[in-house]
Amino acid sequence: MITTGLDIQRVRADFPILQRTVAGKPLVYLDNAATTQKPRAVIDAISSYYTGINANVHRGVHELSQRATDAYEGARERVRAYFNAASTREIIFTRNATEGINLVAWSFAKPRLAPGDEVVISAMEHHSNIVPWQLACEATGAVLKVAPINDRGELILDEFERLLTPRTRIASITHMSNALGTVTPVAEIVRIAHARNVPVLIDASQAAYHMVVDVQALDCDFCVATGHKLYGPTGIGVLYGKEAHLAAMPPFLGGGDMIASVTFERSTWNVLPYKFEAGTPHIAGAIGLHAALDYIEAVGREAIAAHERDLLEYGTRVLQNIDGVRLIGTAREKASILSFVLEGVHPHDIGTIVDREGIAIRTGHHCAQPVMDRFKIPATARASLAMYNTREELDALGRAIQKVREVFA
Amino acid sequence: MSDLRDLYQEVILDHNRRPRNFYAIPDASQTAEGYNPLCGDRLTLYMKVSGDVITDLSFEGAGCAISKASASMMTDALKGRTIAEANALFDRFHRMVTTPPEQAVEDMGKLSSLAGVREFPVRVKCASLAWHTLKAAMAKQPRVSTE
């Protein structure tokens, strides 16, 4: 056993679901890029909120409402610290990363887009970082430009730079590809874009649970992440935006909590961040996310990153040693994702057969169809790693793929 | 492993390896495209009809073993049959793959090898894709999606 500073048995014991079996075999969960499992601390935090302090926030004068508000705002401060934002006014709770991107597309980009203006994304974006921009472009007559990737699945920075013109109104780029595992040079991307006065949104959905994402160090204008990939609950996401941008933007959704005053003639907007949080928020979700980020910090972000690096290298070797396996996504800067195809076998058949061995992987296009088209494949099988995975589980994946080969021999 | 062998029977693996009627018909009287957006399976069905008889039936495309084998066996079974017979076989096949796994189904010969998908609910669509595409081709609809 290698020493990475992470006590793997202790970590595994913290995740109740890892004790269960699937098809009579111990669960090997390798679908973390879709969603991560939840530690006991997160499950308990959500449960204690509902059993102890459930009430609506920002409203009541009663004890429970005050306690719920404190917990909800405490979560916002926790998120601020995790992403090193300057202020909690810059942290908007959303349902997920998708909602964060839509918010920026509609409240920030759309008012700035005129016919012929341009939005730049990359060729390895998740559908959630493609479709909102297509909608904004359709509504305004703006044009979507796509920065290409090379055969390793790396963003071609020169091409990205060439796409930035005086008509570019925003660039929206992933920090880490969910289909390929590529980690993009986001600091460099922001620097290049800012040199041309182009604001940048960073999609940190995948990166946020594998590496430090420091929004001030990156100097990005916006950043989105989702709670359920940070070992937290579903239905809670985060949008970071520079305060100057957020303050100047019109609201995205209207309703309760986001207003200062309402008359039938006119309403005025609440201060940041509440202007962008219409209606009763996912209070339990925010509290669960708080517990998840505490948990990540307690295990240690350095230790997690080192452990996952070891697993990625080990898993890469396991797969490369199987005849007929080809890795899709071989970027030099890469994290925690092993996307692959097996000669003569469709990924769907791989997924079904390894599932019978208790191993959960994702098969399909991973909500990134343009990436599949780029590599001229219909789909891949994808094993994605998290802090609780082990080398033994990757060995089990290797044996299961050998079984696939036997079935299809 | 036993349930896996139910799904991946030798006849299915054989049709996957060597799909029958896997070609384009340039002068087809009807074609239709089937697409399963969930997994990306895609096939084009070509059909040549004379009177009410299907004189040639073929397919092309990319998909998993189940969808490919299903298309291969379907085209084999329906070549030379009438449109009415094709509709009847569609109904029987549809009934077979949507009957709960604990219930008995009628013997459909080679096509019975696909009854194993009932144990794998997400795979039923793989087995059905070619058949829904067939329906679309017969109805002269150019495109069908399983979603």
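Everything numeric in this text was worked out from a predicted model, so none of it was measured.

## Some remarks on the overall build of chain B
When helices and strands are tallied, chain B shows five helices and four strands. Going from the N terminus to the C terminus, chain B shows its helices and strands as α-α-β-β-β-α-α-α-β. In summary, chain B has a C-alpha radius of gyration of 14 Å against a globular reference of 15 Å for 147 residues, a match within 12%. Each of the three principal axes of chain B carries a C-alpha extent, and together these read 45 × 30 × 30 Å. Taken over 147 residues, chain B has a buried fraction of 41%. Within chain B, residue pairs in contact and separated by at least 24 positions form 61% of the contacts whose partners lie at least 6 positions apart.

## Quick look at the pairing of strand β7 (residues 168-174) of chain A
For a regular strand, the rule is simple: side chains alternate between the two faces of the sheet. Residues and elements named next belong to chain A. Of all seven residues in β7, seven are buried, a share of seventy percent or more. The sheet contact formed by strand β5 (residues 118-122) and β7 spans three bridges and is parallel. Along β7, the bridge assignment pairs V120 with A171. The pairing of β7 with strand β8 (residues 200-203) spans four bridges and is parallel. Along β8, the bridge assignment pairs S172 with L201. In terms of handedness, the path from β7 via helix α7 (residues 186-194) over to β8 forms a crossover that is right-handed.

## Examining the pairing of strand β2 (residues 41-50) of chain B
Residues and elements named next belong to chain B. Bridge analysis of strand β1 (residues 30-36) against β2 gives seven bridges, and the strand direction is antiparallel. Looking across to β2, one finds that Q30 is bridged to M47. Between β1 and the antiparallel strand that follows it, β2, lie four residues; G40 among them carries a positive phi value of about 85°. Bridge analysis of β2 against strand β3 (residues 53-62) gives nine bridges, and the strand direction is antiparallel. Counterpart to Y46 in the pairing with β3 is S58.

## Regarding the environment of S267(A)
Residues and elements named next belong to chain A. Tracing the backbone shows S267 in strand β12 (residues 267-269). Distance from S267 to G254, taken between C-alpha atoms, is 9.9 Å for residues 13 residues apart in sequence. Dropping the residues within four chain positions of it, S267 is found in contact with I259, S261 and V262.

## Here's the deal with the sheet that holds strand β17 (residues 380-384) of chain A
Residues and elements named next belong to chain A. The strand order β13-β14-β17-β16 describes an open sheet built from four strands, whose pairing is antiparallel. The open sheet has two edge strands with one neighbour each: β13 (325-327) and β16 (362-364). Pairs of neighbouring strands in the sheet enclose a mean axial angle of 30°, with direction left out of account. Pairing of β16 with β17, which is carried by three bridges, proceeds in the antiparallel orientation. What sits directly across from G364, in β17, is T380.

## Overview of the nonpolar core
The nonpolar side chains of a soluble globular protein tend to be buried, and buried together. Residues and elements named next belong to chain A. Formed by 162 residues in total, the largest nonpolar core has its most connected members in V200, C223, I287 and L397. When we break this core down by domain, the ones giving at least three residues each are domain 1 (8-30 + 300-407) and domain 2 (43-297). Dropping the residues within four chain positions of it, L397 is found in contact with V28, L30, V318, V354, I359 and A383.

## Comments concerning the confidence of the model for chain B
A residue-level look at chain B finds 97% of positions with pLDDT of 70 or above and a mean pLDDT of 92. Across the assembled chains, the prediction reports ipTM 0.88 with pTM 0.94.

## Looking at the domain arrangement of chain A
Residues and elements named next belong to chain A. Along its sequence, chain A is carved into domain 1 (8-30 + 300-407) and domain 2 (43-297). The gap between the C-alpha centroids of domain 1 and domain 2 is 28 Å. Taken together, the contact pairs 20 residues of domain 1 with 21 residues of domain 2. The set of elements that each furnish at least two residues to the side of domain 1 that touches domain 2 consists of α11 (301-320), β14 (337-342) and α13 (369-374). Per element, the largest residue contribution to the side of domain 1 that touches domain 2 is four residues, and it comes from α11. Of the residues in the side of domain 1 that touches domain 2, the class split is ten nonpolar, five polar and five charged.

Definitions and cut-offs
- Residues numbered from 1 in each chain as written.
- Chains lettered and ligands numbered in written order.
- Predicted model: local features only at pLDDT ≥ 70, side-chain atom pairs only at ≥ 80, totals over all residues.
- Helix = DSSP H or I, 4+ residues; strand = E, 2+ residues; numbered from the N terminus.
- Rg over C-alpha atoms; globule rule 2.2 N^0.38 Å.
- Buried ≥ 20, exposed ≤ 12 C-beta atoms within 10 Å, placed from the backbone.
- Contact = placed C-beta atoms within 7 Å.
- Pairing = 2+ DSSP bridges.
- Right-handed = clockwise from strand over helix to strand, strands pointing away.
- Axes fitted to C-alpha atoms, helices over the stretch in contact; angles between N-to-C directions.
- Core = buried A, V, L, I, M, F, W, Y, C linked by C-beta atoms within 7 Å.
- Domains from an automatic or database assignment.
- pLDDT = per-residue confidence, 0-100.
- Nonpolar A, V, L, I, M, F, W, Y, C, P; charged D, E, K, R; others polar.

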